[in-house]
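Chain by chain, the residues:
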Amino acid sequence: DSGVTQTPKHLITATGQRVTLRCSPRSGDLSVYWYQQSLDQGLQFLIQYYNGEERAKGNILERFSAQQFPDLHSELNLSSLELGDSALYFCASSPGGQGETQYFGPGTRLLVL
Amino acid sequence: TQLLEQSPQFLSIQEGENLTVYCNSSSVFSSLQWYRQEPGEGPVLLVTVVTGGEVKKLKRLTFQFGDARKDSSLHITAAQPGDTGLYLCAGEGSGNTPLVFGKGTRLSVIA
């Protein structure tokens, strides 16, 4: 158990819909990272937040957005969902910024039908 | 854009055999990490290598960082079914750049 929690574990929805994925980092960790994992693309970095502020941005679509709240939990919002958005979405946390060990949550498996 | 290529993509071996998986790039990384991911779980960090030429051992696993810090290898001695999983390498560039992950090597060790 990494100490990072993600909800829900599974999500099935339809194209065009909007979903919210939630992540609670390890106690004391200030950074939260979001990744998307698909069979063909591997693990792709989406976005990083540090203590409530966006720190780094990766291959995140404009239809996707994220935020980190004062209690340091984070949410990833996916809107206008497409079939190709079906993937595993992982959250990871670290005490500070890049260069530190990242601890991954168990992931949310999203299926868009 | 920094890319990491992992090979082989898939590997199926018998228990007790040795194996090596590779992680290669044309880019220089300040450090390289190896993770193992099991079905239904997130990646778990195995090791971080920082210095060119560095070798680290973790029980039956031996990790090496290339002299030029562009490539790395993972060697498993006497593989066991518990070693089954997806092995990912991830490189850290300079500055505040995010980790770049390879697509992984999916290892299956058959008893």
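The structure we're discussing is the one just above.
These figures come from a predicted structure and were not determined experimentally.

Residues and elements named next belong to chain A. Under the defined criterion, the tally for this structure stands at six salt bridges over all chains. A salt bridge links E82 to R63; its shortest N-O distance comes to 3.7 Å. Placement of the pair is E82 in the loop between β8 (74–78) and β9 (87–94) and R63 in the loop between β6 (53–57) and β7 (64–68), with a sequence separation of 19 residues. Between R63 and D85 there is a salt bridge, with its nearest N and O atoms 2.8 Å apart. Taken together, the positions of R63 in the loop between β6 and β7 and D85 in the loop between β8 and β9 put the pair 22 residues apart, joining distant regions of the chain. Judged by relative accessible area, which is 3%, D85 ranks as buried. What you see here is one network of salt bridges that share partners, running through R63, E82 and D85.

On to the packing of aromatic side chains, then. By the definition in use, this model includes nine aromatic pairs over all chains. Centre to centre, the rings of A:F90 and A:F104 are 6.4 Å apart; their planes meet at 80°, and the pair counts as edge-to-face. Separated by 14 residues along the polypeptide, A:F90 in strand β9 and A:F104 in strand β10 (residues 103–104) bring together distant segments of the chain. Judged on exposure class, the residue A:F90 and its partner A:F104 are both buried. Site record: aromatic cluster; members linked through ring pairs are A:Y35, A:F45, A:F90, A:F104, B:Y35 and B:F101. Here the guanidinium or amino end of A:R26 rests over the ring plane of A:Y103, the centre of that ring lying 3.7 Å away. Directly above the ring of A:Y50 sits A:R55, whose terminal nitrogen or CZ lies 4.4 Å from the centroid.

Across the boundary between the two partners, chain A contributes 19 residues, which contact 17 residues of chain B. Taken over both partners, the interface formed by chain A and chain B buries close to 1,400 Å², and the fraction arising from carbon and sulfur atoms is 53%. Joining chain A to chain B, the criterion identifies zero salt bridges. The interface formed by chain A and chain B contains one residue pair in polar contact (both at pLDDT 80 or more). When residues of the side of chain A that touches chain B are traced back to their parent elements, those giving at least two are β4 (31–38), β5 (42–50) and β6 of chain A. In terms of residue count, β5(A) provides more of the side of chain A that touches chain B than any other element does, three residues in total. Tallied by class, the residues present in the side of chain A that touches chain B amount to seven nonpolar, eight polar and four charged.

Next up on the list: a nonpolar patch on the surface. On the surface, a nonpolar cluster with roughly 310 Å² of combined accessible area is contributed by A:I12, A:L111 and A:L113. You can see A:L113 is positioned in the segment after β11 (108–112).

Residues and elements named next belong to chain B. Within the open sheet, the five strands sit side by side as β1-β3-β8-β7-β6. Their pairing is antiparallel. If you trace the sheet from one side to the other, it starts and ends with β1 (5–7) and β6 (55–58), each paired once. Between one strand and the next, the sheet's axes are offset by a mean angle of 15°, whatever the strand orientation.

Here we take up the environment of A:Q67. For A:Q67, the location among the structural elements is in strand β7. Sequence separation between A:Q67 and A:Q44 is 23 residues; the distance between their C-alpha atoms is 18 Å.

Residue and element names in this part refer to chain B. Among the structural elements, D83 can be located in the loop between β8 (71–76) and β9 (85–92). Judged by its relative accessible area of 4%, D83 is buried. In this structure D83 touches R36, R60, I76, L107 and V109, once residues within four positions along its chain are discounted.

Residue and element names in this part refer to chain A. Spatially, β1-β3-β8-β7 is the arrangement adopted by the four strands of the open sheet, whose pairing is antiparallel. Where the open sheet ends on each side, the last strands, each with one partner, are β1 (5–7) and β7. Adjacent strand axes in the sheet meet at a mean angle of 15°, parallel and antiparallel pairs treated alike. Bridge count for β7 against β8 is five bridges, and the pairing is antiparallel. In the sheet register, Q67 faces β8, and the bridge partner there is E75.

Cut-offs used in this document
Residues numbered from 1 in each chain as written. Chains lettered and ligands numbered in written order. Predicted model: local features only at pLDDT ≥ 70, side-chain atom pairs only at ≥ 80, totals over all residues. Heavy atoms only, no water. Salt bridge = Lys/Arg side-chain N within 4 Å of Asp/Glu carboxyl O. Helix = DSSP H or I, 4+ residues; strand = E, 2+ residues; numbered from the N terminus. Buried < 20%, exposed > 50% of the residue type's maximum accessible area, 1.4 Å probe, protein only. Phe/Tyr/Trp six-rings, centres within 6.5 Å; stacked < 30°, edge-to-face > 60°. Lys NZ or Arg CZ within 6 Å of the ring centre and 35° of its normal. Contact = heavy atoms within 4.5 Å. Buried area = accessible area lost by both parts, 1.4 Å probe. Polar contact = N/O pair within 3.5 Å; in protein donor to acceptor, adjacent residues only side chain to side chain. Nonpolar A, V, L, I, M, F, W, Y, C, P; charged D, E, K, R; others polar. Patch = residues over 30% accessible without salt bridge, like charges linked within 9 Å, V, L, I, M, F, W, Y side chains within 5 Å. Areas by Shrake-Rupley, 256 points an atom, 1.4 Å probe, with all protein chains shown as cover. Pairing = 2+ DSSP bridges. Axes fitted to C-alpha atoms, helices over the stretch in contact; angles between N-to-C directions.

In short, shape yes, function no, at least from these values alone.
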